[in-house]
Amino acid sequence: MHRLAVDIDPIAFVRNSFNDKYPDPIQAVVLAELGGAESIVAYLHDNQKTVKETDIVLLKHIVKTYLNIRCNLTEENVRKLLRIKPDMVTFVAPGELHDIAPHPLNVDMYPTQLQDFIIELRTNGILSSVLIEPQVEQVKLAGKLEFDYVELDASGLANAEDMDSEIALLQELDNLSLAANKLGMGVNISGGIGYDNIRDITKMENIEDIIVGKPLFSKSLAIGFEQAVRDLIALM
């Protein structure tokens with residue numbers, strides 16, 4: 001069952017850039033869910049360029065569907081999220097200082113730390129996930145650590161040189177989602193997904209949450225956030 005997961009980080013980033021209350025990511029969540037979104041995603045960035053801890057607390061109370069919080073692999077972040085208790089925590093790697101987007105985490109570099117955090121999250125009723133490169137070895141490592149989910153990075157779709165390259169990557173993502181399922185993990189996907197290719201993603205039977213951020217935000221500037229969400233769901 002595919003679900004549209006709305007990433008509210010672009011809205012929070014614009015708000016923080018203007019050092020203002022608006023645009024309000026919390027209001028965007030209400031409109032997204034009215035439009036049919038079934039999951040909300042936000043990135044608790046170490047430097048708070050996107051959502052802040054206070055936003056996450058509000059989201060926990062406001063979100064009526066499903067709350068997935070991405071965070072960097074730090075003790076401080078995990079402690080915060082254990083207190084707030086979102087539905088899912090997705091571990092990611094930080095990008096450059098000017099970049100708000102999360103980056104895939106190399107699971108092989110932090111096995112002990114990840115395993116400890118996975119156990120803590122599970123004990124507190126929180127599902128664990130990790131954003132990974134679309135590589136079979138990363139899927140196997142995530143399965144070995146007993147993650148509940150993996151989030152496949154599909155950002156390569158935006159950089160595909162031609163249609164053949166895009167088709168090949170879509171097939172690889174489909175194969176990896178099947179492999180992850182066979183290892184007992186659910187599969188989410190993000191990066192490079194928008195109005196032009198979301199229908200291709202929905203052809204992958206093993207994908208659950210399809211995470212979209214910037215394309216939604218860009219279109220919402222012209223037609224409003226709720227309608228932008230409805231238009232995207234109509235393509236699924």
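Calculation rules
In every chain, residue numbers begin from 1 and rise along the written sequence. Where totals are concerned, whole chains, interfaces and linings use all residues; where local detail is concerned, this predicted model gives features only for residues with pLDDT of at least 70, and gives and counts side-chain atom pairs only at 80 or more. By convention in this description, side-chain values take in all heavy atoms of the structure and omit both hydrogens and water. In this text, helices come from DSSP runs of H or I with a minimum length of four residues, and strands from runs of E with a minimum of two, each type numbered from the N-terminal end. Note on method: radius of gyration uses C-alpha positions; expected globular size equals 2.2 Å times residues raised to 0.38. Only protein chains enter the area calculation, which uses a 1.4 Å probe; residues under 20% of their type maximum are buried, those over 50% are exposed, and those in between are partly exposed. Only the protein chains shown count as cover for residues, with accessible areas throughout obtained via the Shrake-Rupley method and a probe of 1.4 Å. Counting rule applied: Lys, Arg positive; Asp, Glu negative; His and chain ends not counted. To locate a charge, the coordinates of NZ of Lys, CZ of Arg, CG of Asp or CD of Glu are taken. Put plainly, a pocket is an open set of points on a 1 Å grid over the protein atoms alone with protein on both sides within 12 Å along at least five of seven lines, a cavity is a set where a 1.4 Å probe fits but cannot get out, and a lining residue has an atom within 4 Å of a point. Grid points are joined across faces, edges and corners, and a volume is the space filled by probe spheres set on the points. For this scheme, ten residues count as nonpolar: Ala, Val, Leu, Ile, Met, Phe, Trp, Tyr, Cys and Pro. Four count as charged, namely Asp, Glu, Lys and Arg, and the remainder, Gly too, count as polar. Any Lys or Arg side-chain nitrogen found within 4 Å of a carboxyl oxygen on Asp or Glu counts as a salt bridge. What makes two residues a contact is simply this: any of their non-hydrogen atoms within 4.5 Å. A fitted line through C-alpha atoms serves as each axis, taken over the contacting stretch for helices, and the angle formed by two N-to-C directions is quoted from 0 to 180°. For this classification, under 35 degrees means roughly parallel, over 145 means roughly antiparallel, 65 to 115 means roughly perpendicular, and everything else is oblique. Crossing handedness follows the turn of the near helix against the far one: under a right angle anticlockwise gives a left-handed crossing, and clockwise gives a right-handed one. Note on pairing: DSSP must find at least two bridges between two strands before they are called paired.

What to know about the overall build of the chain
The number of helices and strands found in the chain is ten helices and eight strands. Computed over the C-alpha atoms, the radius of gyration of the chain is 17 Å, within 12% of the 18 Å expected from 2.2 N^0.38 for a compact globule of 236 residues. Considered along the principal axes of its C-alpha atoms, the chain spans approximately 45 × 45 × 30 Å. Taken across its 236 residues, the chain has 50% of its residues classed as buried. Here the chain displays about 11,100 Å² of accessible surface, and carbon together with sulfur accounts for 52% of that area. Distance between charge centres in the chain, computed from 21 positive and 36 negative side chains, equals 6 Å.

Side note on the layout of surface pockets
Here the largest pocket defines a volume of roughly 400 Å³. For the largest pocket, the lining is made up of 20 residues, of which Asp7, Ala101, Pro102, Gly191 and Gly192 are closest to its centre. Put simply, the parts of the chain that give the lining of the largest pocket at least two residues each are helix H1 (9–17), strand S8 (209–212) and helix H9 (214–223). Residues belonging to the lining of the largest pocket are distributed by class as follows: ten nonpolar, five polar and five charged. As for the second largest pocket, its lining consists of Ile11, Tyr22, Pro23, Asp24, Gln27, Ala28, Leu31, Phe217, Ser220, Leu221, Gly224 and Phe225. Every element with two or more residues in the lining of the second largest pocket is listed here: helix H2 (25–35) and H9. Of the residues assigned to the lining of the second largest pocket, the class counts are eight nonpolar, three polar and one charged.

Brief notes about the side chain of Glu33
Here Glu33 is to be found in helix H2. Despite its burial, Glu33 remains without a salt bridge, the nearest opposite charge being carried by Lys64 at 6.3 Å. Dropping the residues within four chain positions of it, Glu33 is found in contact with Ile40, Ile62, Val63, Lys64 and Thr65.

Side note on the packing of helix H3 (residues 53–62) against helix H4 (residues 75–84)
Viewed as axis vectors pointing N to C, H3 and H4 meet at an angle of 25 degrees, and their least axial separation amounts to 10 Å. Judged by the inter-axis angle, H3 sits roughly parallel to H4. By crossing handedness, the relation of H3 to H4 is classed as right-handed. Taken together, the residues of H4 that come into contact with H3 (itself represented by Glu53, Ile56, Val57 and Lys60) are Lys80, Leu81, Arg83 and Ile84.

Focus: H1
For H1, the full list of buried residues reads Asp9, Pro10, Ile11, Ala12, Arg15 and Asn16. A positive backbone phi angle near 50 degrees is found at Asn19, which sits one or two residues after H1.

Quick notes on the sheet that holds strand S6 (residues 149–153)
The strand order S1-S2-S3-S4-S5-S6-S7-S8 describes a closed barrel built from eight strands, whose pairing is parallel. The mean inter-strand angle of the sheet, taken between neighbouring strand axes irrespective of direction, is 25 degrees. By the bridge criterion, two bridges tie strand S7 (residues 186–190) to S8 in an arrangement that is parallel. Each bridged residue has a counterpart across the sheet, and for Ile189 the counterpart in S8 is Ile210. With respect to the sheet, H4 is in contact with strand S2 (39–44), strand S3 (67–72) and strand S4 (88–92), its orientation differing from that of S3 by roughly 160 degrees.

Re unusual backbone geometry
A cis amide bond links Tyr22 with the next residue in sequence, Pro23, at an omega value of -5 degrees. Locating Pro23 in the fold gives a position in the loop between H1 and H2. Phi is positive for Lys85, close to 60 degrees, though the residue is something other than glycine. With respect to the helices and strands, the residue Lys85 is situated in the loop between H4 and S4. Despite not being glycine, Glu146 shows a phi value in the positive range, around 65 degrees. For Glu146, the location among the structural elements is in the loop between helix H6 (136–144) and S6.

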